[in-house]
Structures are given as structure tokens and as C-alpha cells.
Amino acid sequence: MASTFLPDKRTGPGGPGGPDADTPPPSAGAARGRARRRALHWLTAVGFQVPALVLFLILVLLPILFALYAAFFRWGGFGMPSDYIGADNFTRLFDDPVFLGDLWRCFVLVALSLVLQLPFALALAVALNQKIRGRAVYRMLFFAPYVLSEAITGVLFGMIFAPDDGLADRILGGIGLDGIGGEWFADPSMVMATLFLVMTWKYFGFHMMLYLAGLQSIPRELTEAALIDGAGPWQRFRNVTLPLLAPTLRISVFLSVIGAIQLFDLVWVVTQGGPDHHSETMAVTMFQYGFKRYQVGYASAISVAMFGISLVFALAYQRFVLRRDLEGATTTMRGDGK
């Protein structure tokens, strides 16, 4: 009879009286099933990624590595590089007045973009974010130049700024300012300003649409609360709109700087770097040496320098400017297997 009062060792969470009494222990077959599902998910993910990785390897990574390899040779582009010269192509960059001029012109284009082009795009975006009649039409018209290819834009402005017979000279002559016009792309003192005007016409619509997207994501309640508190238009813009638009502004600045570093097609169609290298960019210089003068080794060194400048800027910008925007942007995913 005393044994009746002894506790059952199986009583508890795992015993017959516990909550998991009816749950069978996991079988080896169920574990193998979960392992097969995880393996299937992994193989599916790899299968979708392999084509993109192969294209990236062939079209991006291998050309970068080969350009770095060719930069250490004196090579004309025919056969395989064989005349090894070490780092002479890279040291030549710092003695080349054309390349040093390219760096200066790149800096000028970046400065003009940040000071003139992007504020102009922001002002238009703020204006077109208001309730005005026909704003959809204005948005379409301002964004339309970005849709055009650089080749079409170059040919178009080559005709507009043609000496004497171009549309620009005719308009200036009609209002009595014919002395201002002239050889827009042939005058060394005017070519960069004219080229920047073409660039602004071509690309400001893209940044304007970025800013419009950012403005429309700002809660209207915040601006209405500032209005109720008595804030004027400038105070609302400075204290509410601009801080909330800061992530979009930072992305716009990043894209503008990278675009200025790698600018090629528009310059090539309009001026081909002339007159006398006064509108040349690093990409145009690389093309000139690689495909016109057949100094592919030196052109490869220029391409490596461009890549290095872009990479250093991108990493530094991400580290010091975009760091707060990227915090928490990474999400994790877990499969079905538990």
C-alpha cells in the first residue's frame, strides 16, 4: 500500500501526465525530411544566383582583373601582354598634364553639380510637389530629357550651339546679345560651361524625380502641424522638409559624383574632349589612348585609377555619410526548416 503514494518518475513535462504526453519523440525520418527541405531551398537559391554570378564574373570581374594585369605592361592591344614595365604606367599618370587636367575638370563638374544642378532640381521638385494646375505635365516635360540617350542629346545640342547658324546664336542675335554667343564648344574658355549646361539639361530631371519621391514620402501631418504652429514656408522647408529629405539628398549627391567621375558618352558625342583637351574627362582620355593611339596598357592604368577613385569615394561616402541610412536596412530571412 505504501507504494501507492510513491511519485511516478514519468510524471512531468515528458511523462504520461505532462502536457507533452501525447507528442511522440521526433523520428529520424522527420529530421531527414527537414534536412532535405533545407538542402532543396539552398539548391534553389544557388540555382537562381548562378546565372547572375556567371555574368558578373565574365562581364565585370574578369575585365577588371585583366585591366589591372594589362596596366603593368606596354601593350598595344594585339596578342597577349608581354612587355612588362612594372608600375611605369601608373607613375606616368602623375606626369601626364592631360590626366591631371582630367582630375581638375572632374572636380569642377562635381562642384558645379552640387552647387547649381542639384539645388535647381530640388527647387523644381518642391514647386512641382505643390497643388498646381498641370503639374503632371510639367513633371513629364522636365523628366523627358533624361529618357533621351546621350548620343541624341549630344547631336541635338551640337546643332543648337552650332556657330553662327545654331539656335542659340540666332536667339541671342534676335535680342541683341549676339556678342555673347560664338564658338560654344570650340572656345576653351566656354566649352566647360556649355558642356555643364548640356549636362544639367540632361540629368536634372532624374534628380528632380528622386526628390519628388522623397517629398511625397514625408507625412503631410508634420507640415500641417508646423503650419498650425505658425511656421512660414522657409521655416517649414528648413526644419521639416529638408531633414526628412536628407536620405534622398545623400543618395542624389552620391549618384551625381559617381556620374561625374565616369562621364564619357555625352562628352564624346559633343566635343570628343576638344578643343585641345579642354573638355576631356578621364573616360575620354582612356578611350583616346586605348582605341585611338593603341596604348592599351596606359589606358588600362587610367581605367584602374578611375575604378580606384570611384571605389574609395563610394566606401568613404558609405562609411561617413550613408552609415545612418544603412543601419537597420539589412533584413534576415529564415527558411521553413525549424
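The preceding data block contains the structure.
Residues numbered from 1 in each chain as written. Predicted model: local features only at pLDDT ≥ 70, side-chain atom pairs only at ≥ 80, totals over all residues. Heavy atoms only, no water.

S.K.: Give a detailed account of the overall build of the protein, specifying residues and quantitative values.
M.R.: Within the protein, the secondary structure is distributed over 13 helices and zero strands. Taken from the N to the C terminus, the helices and strands of the protein come in the order α-α-α-α-α-α-α-α-α-α-α-α-α. A buried classification covers 34% of the 338 residues belonging to the protein. Contacts in the protein between residues far apart in sequence, at least 24 positions, make up 63% of those at least 6 positions apart. Surface summary for the protein: the accessible area is close to 21400 Å², and the carbon and sulfur share equals 67%. (Helix = DSSP H or I, 4+ residues; strand = E, 2+ residues; numbered from the N terminus. Buried < 20%, exposed > 50% of the residue type's maximum accessible area, 1.4 Å probe, protein only. Contact = heavy atoms within 4.5 Å. Areas by Shrake-Rupley, 256 points an atom, 1.4 Å probe, with all protein chains shown as cover.)

S.K.: Before we move on, can you summarise the nonpolar core with the specific residues and values?
M.R.: Formed by 40 residues in total, the largest nonpolar core has its most connected members in Leu93, Phe99, Leu109, Phe161, Met199, Leu263 and Leu266. Secondary structure elements with two or more residues in this core: α2 (88-93), α3 (97-128), α6 (167-174), α7 (191-216), α9 (233-261), α10 (265-270), α11 (282-292) and α12 (296-320). Not counting residues up to four positions away in its chain, the partners in contact with Leu93 are Phe99, Leu100, Tyr298, Ala301, Ile302 and Ala305. Leu118, Ala121, Met208 and Leu212 belong to the second-largest nonpolar core, a separate cluster that totals 15 residues. (Core = buried A, V, L, I, M, F, W, Y, C linked by side-chain atoms within 4.5 Å.)

S.K.: Explain the packing of aromatic side chains to me, and be specific about the residues and the numbers.
M.R.: A full pass over the atoms with the stated rule returns 25 aromatic pairs. Both rings, one in Phe72 and one in Phe90, keep their centres 5.5 Å apart while their planes meet at 55°; by these two values the pair is tilted. Of the two residues, Phe72 sits in the loop between α1 (28-70) and α2 while Phe90 sits in helix α2, which places them 18 residues apart along the sequence. The structure contains a cluster of three or more aromatic residues connected by ring pairs, namely Phe66, Tyr69, Phe73, Trp75 and Tyr84. Here the basic side chain of Arg92 rests over the ring of Tyr298, its NZ or CZ set 3.8 Å away from the ring centre. (Phe/Tyr/Trp six-rings, centres within 6.5 Å; stacked < 30°, edge-to-face > 60°. Lys NZ or Arg CZ within 6 Å of the ring centre and 35° of its normal.)

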